Amino acid sequence: GGRYHCWRISCSSAPGSSSFFHCPPRPRAGAMVGGFELFAMTEIKFFFNVDHKLHFACNLAKRAFDDGRKLIVFAPSTKLAEEFDRLLWTFSQLSFVPHVKAAHPLAAETPIVIATDDTGLPHHEALLNIGDDPPPFFSRFGLMFKLTIC
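Residues numbered from 1 in each chain as written. Predicted model: local features only at pLDDT ≥ 70, side-chain atom pairs only at ≥ 80, totals over all residues. Heavy atoms only, no water.

This part takes up the nonpolar core. Judged by nonpolar contacts, the single largest core of 26 residues is most densely connected at L71, F84, L88, L128 and I130. At the level of elements, helix 1 (53-66), strand 4 (71-74), helix 2 (78-90), strand 6 (112-115), strand 7 (126-129) and strand 8 (143-147) are the ones that each hand at least two residues to this core. In terms of residue count, the dominant contributor to this core is helix 1 (six residues). Not counting residues up to four positions away in its chain, the partners in contact with L71 are L60, A61, A64, P111, I112, V113, H123, A126, L127, L128 and F145. Judged by nonpolar contacts, the second largest core, of 13 residues, contains I72, V100, A102 and A107. (Core = buried A, V, L, I, M, F, W, Y, C linked by side-chain atoms within 4.5 Å. Buried < 20%, exposed > 50% of the residue type's maximum accessible area, 1.4 Å probe, protein only. Helix = DSSP H or I, 4+ residues; strand = E, 2+ residues; numbered from the N terminus. Contact = heavy atoms within 4.5 Å.)

Below, the structure written as structure tokens:
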């Protein structure tokens, strides 16, 4: 509904559900509710017990693209970024997920961008963290996905 108990961890839906990327809109920062001013806060969706982190991340990236969303995929190392890039090309024989690295000239026009830092990020709608620790710049995004292997 229209109630917001916590914007940081809310609206958890499974990747296959129709509401996965379509959570209720967050009130704008500065709005007054019940006499209190609201502040923009990154919503974080956690996925626990993920067996194959990069395959799961590929499915999230595909879902973001299918839903017309823009997504930054944060890989804390060049090696991990390259591995994810290769996997996005091969994880599904029946689909294509357009993606580039953040330094690519077409990054601003590409929905899925792979980044190893915050240099030149073309959009800040959603962040998929495939690293172990949250990147220090995650608060610039409206939504962050965190994958945990157990």
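Next comes the rest of the write-up.
Its identity as a non-glycine residue notwithstanding, N49 has a phi of 60°, on the positive side. When you line up the elements, N49 lands in the loop between strand 3 (43-47) and helix 1.

This brings us to the side chain of T42. Within the element layout of this structure, T42 appears in the loop between strand 2 (36-37) and strand 3. Separated by 3.3 Å, the side chain of T42 and the backbone oxygen of F138 make a polar contact. In this structure the side chain of T42 is engaged in a polar contact, spanning 2.8 Å, whose partner is the backbone oxygen of F141. (Polar contact = N/O pair within 3.5 Å; in protein donor to acceptor, adjacent residues only side chain to side chain.)

As a further point, take helix 2. Since the α-helix packs 3.6 residues into each turn, any two residues three or four apart lie on the same face. Helix length check: helix 2, at 13 residues, gives a terminal C-alpha distance of 19 Å against a target of 18 Å (1.5 Å per residue), a fit within 8%. The set of residues buried in helix 2 consists of L80, A81, F84, D85, L87 and L88. Axial view of helix 2: buried residues confined to an arc of 165°, hence all on one face. Opposite its buried face, helix 2 presents the exposed residues K79, R86, W89 and T90, each directed more than 90 degrees away. Where helix 2 is buried, its residues contact helix 1, strand 4, strand 5 (99-101) and strand 6. (Expected span 1.5 Å × (residues − 1). Arc of directions from axis to C-beta.)

On to the packing of helix 1 against helix 2. Packing of helix 1 against helix 2 leaves a shortest axis separation of 10 Å and a crossing angle of 60°. Overall, the two elements helix 1 and helix 2 adopt an arrangement that is oblique. Note on packing geometry: the crossing formed by helix 1 with helix 2 is right-handed. The residues of helix 2 that touch helix 1, namely those facing L54, H55, A57, C58 and A61, are L80, E83, F84, L87 and L88. (Axes fitted to C-alpha atoms, helices over the stretch in contact; angles between N-to-C directions. Parallel < 35°, antiparallel > 145°, perpendicular 65-115°, else oblique. Left-handed = near helix turned anticlockwise from the far one by under 90°.)

Neither face of strand 7 is exposed, since A126 and L128 on one face and L127 and N129 on the opposite face are all buried. Summarising the sheet, strand 4 and strand 7 pair through three bridges and their orientation is parallel. Bridge pairing links F74 to N129 in strand 7. The sheet contact formed by strand 7 and strand 8 spans four bridges and is parallel. Paired with A126 across the strands is L143, a residue of strand 8. (Pairing = 2+ DSSP bridges.)

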